[in-house]
Amino acid sequence: VRVVISGVSGGLGEAVVRTLLEDPACEVHGLCRSAAHVTVRSDRLTLSEIDLADAASVDAWEPGQHVDALIHCAAVGDNVSFADADTARWERFFSVNVVAAATLTQRLLPRFTPGASVVFVNSGLGLRASSASVPYSASKAALKSLADAIRPELNDRGVSVTTVYPGQIATPMLARNVAAMGRPWHPDSYIQPEELARILVQLTKTGPSLQLTDVVARPAREPW
Ligand SMILES: NC(=O)c1ccc[n+]([C@@H]2O[C@H](COP(=O)([O-])OP(=O)(O)OC[C@H]3O[C@@H](n4cnc5c(N)ncnc54)[C@H](OP(=O)(O)O)[C@@H]3O)[C@@H](O)[C@H]2O)c1
């Protein structure tokens, strides 16, 4: 089983890689900006350094052989209000969170094995936008639309497409946003990345007659 996953230096991405590697039959191809920031090491983990905000860097990626699952985990996630959202920020959110996800999926089209799966890690804000996080909410809504728009074509190729909409996860992204909001950091109040990682890995194993299109994952108690 060969899985390609972006954002492997991140809190959730790292947990997904660790969970995937628990299966001795699984080989993981991780995408990261810098391999130096990836803490997991395994002879079944290969890394490609790609800046997902840079189209030339994405286009230069050599995706390799067949792929059984593609998990889009990378994202820019800072809270940026409408007033603070300048053109450069809009471009960064959309290039990483939407354009790179589309391009990576398209590049892999000829390599998906029958029964393969694509999982997009979205956000609760992709379903319900927040005025505190305007470019992020808009990019995640676009990512939902991307998944829905390409699902029929991928399904025709025997590939399932799932979007997961998590609430707050105890990762560096949330820690930064909680600090920016001036709130105390209580990681136990949020979804634990390892717990969500198990669900994401499970989502790559559904089928052959069933496809989970949209999965909403909330903290056991809403933290605010
Ligand atoms: N944490 C939450 O509360 C929460 C809630 C809902 C949804 N999510 C979603 O969960 C997913 C994982 O986020 P996380 O919480 O694990 O956040 P994180 O710890 O900040 O990880 C984000 C990942 O995205 C990568 N990334 C950002 N910009 C990139 C670029 N230009 N090129 C390549 N990689 C880039 C980061 O790489 P670097 O290390 O190089 O920056 C990092 O690996 C994201 O899709 C996020 O939107 C998170």
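Please read all numbers here as calculations on a predicted model, not as lab measurements. (Residues numbered from 1 in each chain as written. Predicted model: local features only at pLDDT ≥ 70, side-chain atom pairs only at ≥ 80, totals over all residues. Heavy atoms only, no water.)

A short note on the state of the cysteines
- For the structure shown, the criterion picks out zero disulfides.
- For Cys 26, which is in no disulfide, the shortest distance to another cysteine sulfur is to Cys 73 and amounts to 14 Å.
- When its relative accessible area of 3% is taken as the criterion, Cys 26 is described as buried.
- Cysteine Cys 73 is unpaired, with the sulfur of Cys 32 as its nearest cysteine sulfur at 13 Å. (Disulfide = S-S within 2.5 Å. Buried < 20%, exposed > 50% of the residue type's maximum accessible area, 1.4 Å probe, protein only.)

Re the sheet that holds strand β3 (residues 45–49)
- The strand order across the open sheet built from seven strands is β3-β2-β1-β4-β5-β6-β7, with neighbouring strands paired in parallel fashion. The two strands at the open ends of the sheet, each matched to only one other strand, are β3 and β7 (214–217). Taken over all neighbouring pairs, the strand axes of this sheet differ in orientation by 15 degrees on average, direction set aside.
- Sitting on the sheet, helix α3 (residues 87–108) is in contact with β1 (2–6), β2 (27–32), β4 (67–72) and β5 (112–121), with an inclination near 175 degrees to β4. (Pairing = 2+ DSSP bridges. Helix = DSSP H or I, 4+ residues; strand = E, 2+ residues; numbered from the N terminus. Axes fitted to C-alpha atoms, helices over the stretch in contact; angles between N-to-C directions. Contact = heavy atoms within 4.5 Å.)

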